[in-house]
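Architecture at a glance
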Amino acid sequence: MKLGRNDPCHCNSGRKYKHCHYEEDRIAEAEALRAAAEKRAAELAVAEEDGEGSDAAPAKPTDKGSRFLRESSRGSRGQAGASAGRTPRATRGSQRGS
């Protein structure tokens, strides 16, 4: 189980984790993640050089932005008005059934 910031520290110092070992553990975790990423990148580079890569094309990132900022498929950007062509968004009251 992961320690919360306000839990007692794992070293039994009697201090909160955030005031005792939190920063040290974050730095160690970041270094471990960075080392793992570098190792993985090196393995991929060696595999590509040897021709051991998969036959499938590499996956492209599908970053389409926030789902709240995308245009609806029915609307067009050229229409006047703030809500022209967009589906009205449900309000909290209608979501709660009031």
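Here goes a summary of the coordinates provided. (Residues numbered from 1 in each chain as written. Predicted model: local features only at pLDDT ≥ 70, side-chain atom pairs only at ≥ 80, totals over all residues. Heavy atoms only, no water.)

Looking now at the pattern of salt bridges. Applying the stated criterion across every chain yields a total of 2 salt bridges. Notably, a salt bridge pairs Arg26 with Glu23, separated by 3.8 Å at the nearest N-O pair. Here Arg26 pairs with Glu23, and both are found in helix H2 (residues 22-50), just 3 residues apart, close to one helical turn. By relative accessible area, which is 44% here, Glu23 ends up partly exposed. Residues Arg40 and Glu43 are paired through a salt bridge, measuring 4.0 Å at the closest nitrogen-oxygen approach. One end of the pair, Arg40, and the other, Glu43, are both in helix H2, 3 residues apart, so they sit about a helical turn from each other. Residue classification places Glu43 among the partly exposed positions, given a relative accessible area of 40%. (Salt bridge = Lys/Arg side-chain N within 4 Å of Asp/Glu carboxyl O. Helix = DSSP H or I, 4+ residues; strand = E, 2+ residues; numbered from the N terminus. Buried < 20%, exposed > 50% of the residue type's maximum accessible area, 1.4 Å probe, protein only.)

Attention now goes to the packing of aromatic side chains. By the definition in use, this model includes 1 aromatic pair. Judged by centre distance (5.7 Å) and plane angle (85°), the rings of Tyr17 and Tyr22 are edge-to-face. Both residues of the pair, Tyr17 and Tyr22, belong to the buried class. When the ring centre of Tyr22 is taken as origin, the NZ or CZ atom of Arg5, which lies over that ring, is 5.2 Å away. (Phe/Tyr/Trp six-rings, centres within 6.5 Å; stacked < 30°, edge-to-face > 60°. Lys NZ or Arg CZ within 6 Å of the ring centre and 35° of its normal.)

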